[in-house]
Each structure stands twice: as C-alpha cells, then as structure tokens.
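Chain and residue survey
The lines below spell out each chain.
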Amino acid sequence: MLPTERRSKIIEKLEEQEFLELKTLHKELNISMETLRRDIQQLVKLELVQKEYGGIRLNKESNGESAIERRLDRNLTKKKLIAEKALKLINDGDCIYLDSGSTTLQIAKGLETKRHLTIVTNSIPVLIQCMQYNHTLISIGGKVRSSEQSLTQFDFLFNFEHLNINKGFFCCSGLSVPYGVTDYSIEEVETRRRLMNNSQQKYLTADSSKINRVVTAKIGELEDFNQLITDDEITNEQQEQFEQSGIQVI
C-alpha cells in the first residue's frame, strides 16, 4: 500500500472512531511501527490529526467543529472573490455541480439571483443553503463523511450516467504543475472524477494558499480542467506555469 493510501485509510478510520490506538493501527494496516509513526508525523504536520497518549484522534477544535466548519472563515476574502468570478460564469437555466468545500459554499450563497438552475451537489451545507432558493436540487446519495459534511458516491445508490452537467465547480486541497490536483480523501476524489466525466465545462476553484501543495490522493492533471478560478494573489509566474500546463487561469 502506498503512503498516501495508508494515510487516507487512517483518516477514514478516525472518521468512524474518535480515537485510535497505535497498536490497533499497527495491526490493521499490517505495517511497522516505524512506518506508522512516519505516517502520523505527516498527518500531524498537515494538521489533520493530533497525537495523544497511546494513539491519535482527528484534529478538532475544542468546540467540536468539523474540518469544513474550521475552514469556513479561513481565507474568506479570497473565497468570496473566487465565488464572484464563478457566479459570472453561471447562466439562468444551467445545470451545475457544486463540489463539497468551503469555496463552493460561497458560490451557493450567491445563487439567489439566478433563475431555473438545476444544482447537483454532494455537499450538505450547499444543499441547506440552496433549499431556500427556487432551484431544482439533486443530492448524490451515498456515505456521509461527517468531517466534510459531504456524501461520497455509491454506484448502487446513484446513477451518474443520467447526469448532463453544463458546468462543474470542483474543489481541491492542493495543486501544482508537477503533481496535478490532489485532495485528502480517496472517496471524495472518486466522486469528483465521476462528476468530472459528466461535466461539459470543468472549473477548479482553489485559493492561492493551495498552490504548490501536494496531498494524499490525486484527482487529476491540471489539463483535465478548463479553467482555474483563484484569487488575485497568484503570481504571474504561477499563472504562466499553469497555463503552459493546459489550464486557463481566471
């Protein structure tokens, strides 16, 4: 098993249980304690887990906020700017996909002025936000990820082939020229890939803090997306490198 797969497995197990002992992980993953400690050290560095005596738990604030709740106020000005740019691309009558993430939630907050949209999403916060609008909402059925307040796909619950999405707005946790577009959860990545296949136009929404970050699982290459919607803090050099890799920056 690759290191990225092991670390993703650790996060998935922690989402099911509040606390995991190191000896339990050592046995279940069938790896050495030395390897396990390296994986945990990397997850601690990424602020995903915290170490306690004899084990680890998901890194939550004292008020018990989920991962997405902790991110809502981070780089909020940048995310609002991205949302403004994205909203200009959405026309009345479009069928759009909004991915699970704090940036796409900002897009959802601006959809009140649009008319007759069909909104496909796996994000519970996006669903709640859009329920107050007069749009058609389609929720992807599947497993609930409490940390992201999202639903990850299960083929027997949802037929992706019946979707015809005009514009898909996708999130990520890292993007770079050498390593492409990445995220922490393998399940989220699989869902994004399936929705990308059903989207005519694919927009990557990511603030500049995610540039040159590489995390657990690969969503795809930069060229798999039509455009990157980001904030104004991207450098000219970074923009040039991305566009040379096949993705337009707006």
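Residues numbered from 1 in each chain as written. Predicted model: local features only at pLDDT ≥ 70, side-chain atom pairs only at ≥ 80, totals over all residues. Heavy atoms only, no water.

**Some words on the pairing of strand β11 (residues 180–183)**
In terms of strand pairing, strand β10 (residues 174–176) meets β11 through three bridges, oriented antiparallel. The residue bridging S176 from the neighbouring strand is G180, located in β11. Counted along the chain from β10 to the antiparallel partner β11, the turn is three residues long. Note: β11 against strand β13 (residues 217–220), three bridges, orientation antiparallel. Note on β13: the bridge partner recorded for T182 is K218. (Pairing = 2+ DSSP bridges. Helix = DSSP H or I, 4+ residues; strand = E, 2+ residues; numbered from the N terminus.)

**Some thoughts on the sheet that holds β10**
The strand order β10-β11-β13 describes an open sheet built from three strands, whose pairing is antiparallel. The open sheet has two edge strands, β10 and β13, and neither has a second partner. Neighbouring strand axes in the sheet, compared pairwise and without regard to direction, differ in orientation by 30 degrees on average. Lying over the sheet, helix α8 (residues 186–197) contacts β11 and β13, oriented at roughly 10 degrees with respect to β13. (Axes fitted to C-alpha atoms, helices over the stretch in contact; angles between N-to-C directions. Contact = heavy atoms within 4.5 Å.)

**Structural notes on the packing of helix α2 (residues 22–29) against helix α3 (residues 33–45)**
When two helices pack together, you describe them by how their axes are tilted relative to each other and by the distance separating the axes. Between α2 and α3, the shortest axis-to-axis distance is 10 Å and the interhelical angle comes to 110 degrees. On the basis of their axis angle, the class for α2 and α3 is roughly perpendicular. Note that α2 runs across α3; the crossing there is right-handed. On the side of α2, the interface is formed by L22, L25, H26 and L29, while α3 contributes M33, L36 and I40. Broken down by class, the residue content of the contact of α2 with α3 amounts to six nonpolar, one polar and no charged. (Parallel < 35°, antiparallel > 145°, perpendicular 65-115°, else oblique. Left-handed = near helix turned anticlockwise from the far one by under 90°. Nonpolar A, V, L, I, M, F, W, Y, C, P; charged D, E, K, R; others polar.)

**Some remarks on the sheet that holds strand β6 (residues 136–139)**
Taken in spatial order, the seven strands line up as β6-β5-β4-β9-β12-β14-β15 in an open sheet, and their pairing is parallel. Two strands in the sheet have a free side with no partner beyond their single neighbour: β6 and β15 (248–249). Examined bridge by bridge, strand β12 (residues 199–205) and strand β14 (residues 227–229) share three bridges and lie parallel to one another. Counted as the bridge partner of T205 is I229 from β14.

**Looking at the side chain of D39**
Secondary-structure assignment places D39 in helix α3. Taking the relative accessible area as the measure of exposure, D39 reaches 0% and is therefore buried. (Buried < 20%, exposed > 50% of the residue type's maximum accessible area, 1.4 Å probe, protein only.)

**Some details on the side chain of Q227**
Inspection of the secondary structure puts Q227 in strand β14. On the basis of relative accessibility, which here comes to 13%, the residue Q227 falls in the buried class. A distance of 2.9 Å separates polar atoms of two side chains, one belonging to Q227 and the other to Q248. Those residues in contact with Q227, other than ones at most four positions away along the chain, are L89, K202, Y203, L204, I247, Q248 and I250. (Polar contact = N/O pair within 3.5 Å; in protein donor to acceptor, adjacent residues only side chain to side chain.)

**Notes on the nonpolar core**
Of all hydrophobic cores here, the largest spans 25 residues; its most connected members are L175, F225, L228 and F242. Those elements that provide at least two residues to this core are β4 (95–98), β9 (165–170), α8 and β13. Ranked by residue count, the leading element in this core is α8, at three residues. When residues no more than four places from it in sequence are discounted, the contact partners of F242 are L175, S176, V177, I211, L222, L228, I234, I247 and V249. Of all hydrophobic cores here, the second largest spans 19 residues; its members include A86, L117, Y203 and I229. (Core = buried A, V, L, I, M, F, W, Y, C linked by side-chain atoms within 4.5 Å.)

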